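Working through the structure, step by step
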Amino acid sequence: MPPDGDLRTPVTDTEHAMGHAHHFLSRLDRVNLRQTELALSFYRDPELLRGVIDAAGVPPHAERVAVALADGKKPPHMVVTRDAFFITCLGAGMFPRGLYRVSYAQLIALSTRLAHKRHRARLCAALYRDRRAVDALLHRVTHAGNTLCREDIAPALDLQPRLWLAFAGSFADHVLTFAHACRPVARLTYAPNGPERDLLRSLWESAWTQAHFSVLMSCEELDEDLSRHAAPAQLIADLPVTFTCYDSAPLLARGLWAVARLGAPALPHLAHWLDYPVSATRVAAQLAAAVVALRHPHLATEALALIDRPDDRYGACIAAEVREELRRAPRLAPLTEVPQRALDRLARRGLIAAPRAEAVPDPMRLALAVSTERAFCRRAFGWWLDLLPALARADAPSLYLPRAWSEAVTERYAVDRGLSLARSFAASLPKRVPHRREARPGRNAPCPCGAGAKYKSCCGRARREVQPAA
């Protein structure tokens, strides 16, 4: 109750916030029109500003935050609370002393990323309402193989915010299933029969499903709860090594693209594979570090230090090519075309089903190159160097052909393709060492302990006494 003679009612938190908001709006005349529009956009969307403040690492004890509205030494600021209640607006030259500051670059970068993430979440929620459509889409992803087109992968990318853990778990299951089932069919010395043909087809679909899931897992940045753990980063960083076991260039290309999207968290895991004794694994790790350097130029020094070794001519060649590419294009720019040399190499080997490589439009060149079946080998080293800049700068749909092109140029499944994948993966698995039983001396033979008695009267007697007790 108010005191006697005081007719004013207590001021609530909402009224207090409204008073600050009115004060904030009345101080917008201190900034120009462009800065006013930017401030009002956050005033209408306080949830976005609250996300920017949390992502900027504002200390918990900071009750008020000054958010810059422009670049410069003393730019204008909007002063808000930790819960995104607007307090006032400071013009240029009015420096907010004693307040935690969020720079203009942080504001634009974080707000753009959070707005895009929120938009993706809305698309995912809208798509997920129709479970039949989701099931049909996932069935297409897991059974289409190399015929999955751009029209199929685009809506599947919208499922990533909700199904990341499902994609990762299914990827691991497919790898384990492939490793378990590839040994029997890899030893075939005759033409596969009906059940064996079905198994080879399922293994071929499983290998391509792993490639598609690697794209779906890496199309966006990891959520905060996932990025705190090393397991998701290690899963994505190990993709090139996993796909090297299949000896398939299209699968490895998608693994390299996924590592490029991951960036800095991938480098510690790649350093482990650079000391691996298998040369193909080392080359795949070197290519992965190179594509990270091309997509993230600020990581070039750290990434090139891993691969530029004097005793490895492949690593030195990759590092020199990456440095030359960074010198020509120091800033990351959109690039969805492959250098013509990469397609010319495929055309000379007769691997492209298109009439001529020059007739392929620019937006389709990368998709055609990474969808053409060929083996991963060190003799194709120049082809990979031509392909890396495009892989580093491409987005996820650029890895897939449109449906019309896919139906025209993509080679369909054949039994020898599934058999080749199974044999390559089985060859990369560790060899099984047969278990050999320990050779026992005969009953009347001298005891191996050196006592001079027969085995049945020495250690053999002790063994017979212990076995029934066990």
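Because the structure is a prediction, the values reported are computed rather than measured.

1. A few points about the overall build of the protein chain
Looking only at helices and strands, the protein chain has 22 helices and 4 strands in total. The 470 residues of the protein chain split such that 46% are buried. In the protein chain, once contacts between residues fewer than 6 apart in sequence are set aside, the share between residues at least 24 apart is 70%. Accessible surface, the protein chain as shown: approximately 24900 Å² in total, 55% of it carbon and sulfur.

2. A closer look at the pattern of salt bridges
One pass over the full model with this rule turns up 5 salt bridges. Across the salt bridge formed by arginine 82 and aspartate 54, the nearest N and O atoms sit 3.9 Å from each other. Of this pair, arginine 82 sits in the loop between strand E2 (77-81) and strand E3 (86-90) while aspartate 54 sits in helix H3 (residues 46-55), and the two are 28 residues apart along the sequence. By relative accessible area, which is 23% here, arginine 82 ends up partly exposed.

3. Considerations on empty space enclosed by the protein
Counting across every chain of the model gives 2 cavities of 30 Å³ or more. The calculated volume of the largest cavity comes to roughly 60 Å³. For the largest cavity, the full set of lining residues is Asn146, Leu148, Trp208, Arg254, Ser371, Tyr400, Leu401, Ser406 and Thr410. For the lining of the largest cavity, the class distribution of residues is 4 nonpolar, 4 polar and 1 charged.

4. Section: the pairing of strand E1 (residues 64-68)
Within E1, 4 of the 5 residues are buried, which leaves the element mostly enclosed by the surrounding structure. As paired elements, E1 and E2 share 5 bridges and run antiparallel to each other. Along E2, the bridge assignment pairs alanine 68 with histidine 77. Inspection of the sheet shows E1 paired to strand E4 (residues 100-102) by 3 bridges, in the parallel sense. In the sheet register, alanine 66 faces E4, and the bridge partner there is arginine 101.

5. Notes on the environment of cysteine 182
Structurally, cysteine 182 can be placed in helix H7 (residues 160-186). A relative accessible area of 0% places cysteine 182 in the buried class. Here cysteine 182 is in contact with Leu203, Ala422, Phe425, Ala426 and Leu429, once residues within four sequence places are set aside.

6. Describing the packing of aromatic side chains
All told, the structure shown has 9 aromatic pairs when counted by the stated rule. Taking the centre distance of 6.4 Å and the plane angle of 90° together, the rings of phenylalanine 171 and phenylalanine 243 count as edge-to-face. Taken together, the positions of phenylalanine 171 in helix H7 and phenylalanine 243 in helix H11 (residues 239-244) put the pair 72 residues apart, joining distant regions of the chain. Its relative accessible area of 4% is what places phenylalanine 171 among the buried residues. Overall, the relative accessible area of 0% leaves phenylalanine 243 in the buried class. Above the face of the tyrosine 400 ring, arginine 254 is positioned so that its terminal group lies 4.9 Å from the ring centre.

7. Some remarks on the layout of surface pockets
Of the voids in this model, the second largest pocket is the one considered here, and its volume is about 560 Å³. Elements that contribute at least two residues to the lining of the second largest pocket include exactly H7, H11, helix H14 (279-295) and helix H21 (415-428). For the lining of the second largest pocket, the leading source of residues is H7, giving 6 residues. When the residues that make up the lining of the second largest pocket are grouped by side-chain class, the tally is 17 nonpolar, 5 polar and 2 charged.

8. Regarding the environment of arginine 374
Examined against the element boundaries, arginine 374 turns out to sit in the loop between helix H18 (362-371) and helix H19 (381-393). Once the C-alpha coordinates of arginine 374 and alanine 249 are considered, the two residues, 125 residues apart in sequence, prove to be 5.7 Å apart.

9. Structural notes on the side chain of arginine 295
By secondary structure assignment, the location of arginine 295 is in helix H14. Only 2.8 Å separates the side chain of arginine 295 from the backbone oxygen of alanine 392, close enough to count as a polar contact.

10. Quick look at the pairing of E3
When you tally the buried positions in E3, you get 5 out of 5 residues, the bulk of the element. Taking the residues between adjacent antiparallel strands as the criterion, E2 and E3 are bridged by 4 residues, where alanine 84 takes a positive phi near 65°.

11. Notes on the environment of cysteine 447
Looking at the element boundaries, cysteine 447 is found in the loop between H21 and helix H22 (459-469). According to the relative accessible area criterion, cysteine 447 is buried, its value standing at 6%. Separated by 13 residues in the primary sequence, cysteine 447 and glycine 460 place their C-alpha atoms 8.1 Å from one another.

12. Observations concerning H14
Across its 17 residues, H14 extends 25 Å between first and last C-alpha, which sits within 8% of the 24 Å expected from 1.5 Å per residue. Burial of H14 is extensive: 14 of the 17 residues sit out of reach of the surface.

13. Focus on unusual backbone geometry
The phi angle of most residues is negative, glycine excepted, and most peptide bonds adopt the trans form. In this structure, alanine 84 takes a positive phi of about 65° despite not being glycine. With respect to the element layout, alanine 84 can be found in the loop between E2 and E3. Unlike most non-glycine residues, aspartate 247 shows phi in positive territory, near 55°. Note that aspartate 247 resides in the loop between H11 and helix H12 (249-262).

14. Notes on the side chain of aspartate 152
Examined against the element boundaries, aspartate 152 turns out to sit in helix H6 (residues 150-157). Apart from residues no more than four positions distant in its own chain, aspartate 152 is found in contact with Leu137, Arg140 and Arg403.

15. With respect to the nonpolar core
Formed by 96 residues in total, the largest nonpolar core has its most connected members in Trp257, Ile307, Trp384 and Leu391. Counting residues in each nonpolar core, the second largest holds 26 residues, with Phe42, Leu49, Leu69 and Tyr104 among its members.

About the thresholds
Residues numbered from 1 in each chain as written. Predicted model: local features only at pLDDT ≥ 70, side-chain atom pairs only at ≥ 80, totals over all residues. Heavy atoms only, no water. Helix = DSSP H or I, 4+ residues; strand = E, 2+ residues; numbered from the N terminus. Buried < 20%, exposed > 50% of the residue type's maximum accessible area, 1.4 Å probe, protein only. Contact = heavy atoms within 4.5 Å. Areas by Shrake-Rupley, 256 points an atom, 1.4 Å probe, with all protein chains shown as cover. Salt bridge = Lys/Arg side-chain N within 4 Å of Asp/Glu carboxyl O. 1 Å grid on protein atoms, 1.4 Å probe; cavity = no way out; pocket = protein on both sides within 12 Å on 5 of 7 lines; lining within 4 Å. Points joined across faces, edges and corners; volume = space filled by probe spheres on them. Nonpolar A, V, L, I, M, F, W, Y, C, P; charged D, E, K, R; others polar. Pairing = 2+ DSSP bridges. Phe/Tyr/Trp six-rings, centres within 6.5 Å; stacked < 30°, edge-to-face > 60°. Lys NZ or Arg CZ within 6 Å of the ring centre and 35° of its normal. Polar contact = N/O pair within 3.5 Å; in protein donor to acceptor, adjacent residues only side chain to side chain. Expected span 1.5 Å × (residues − 1). Core = buried A, V, L, I, M, F, W, Y, C linked by side-chain atoms within 4.5 Å.

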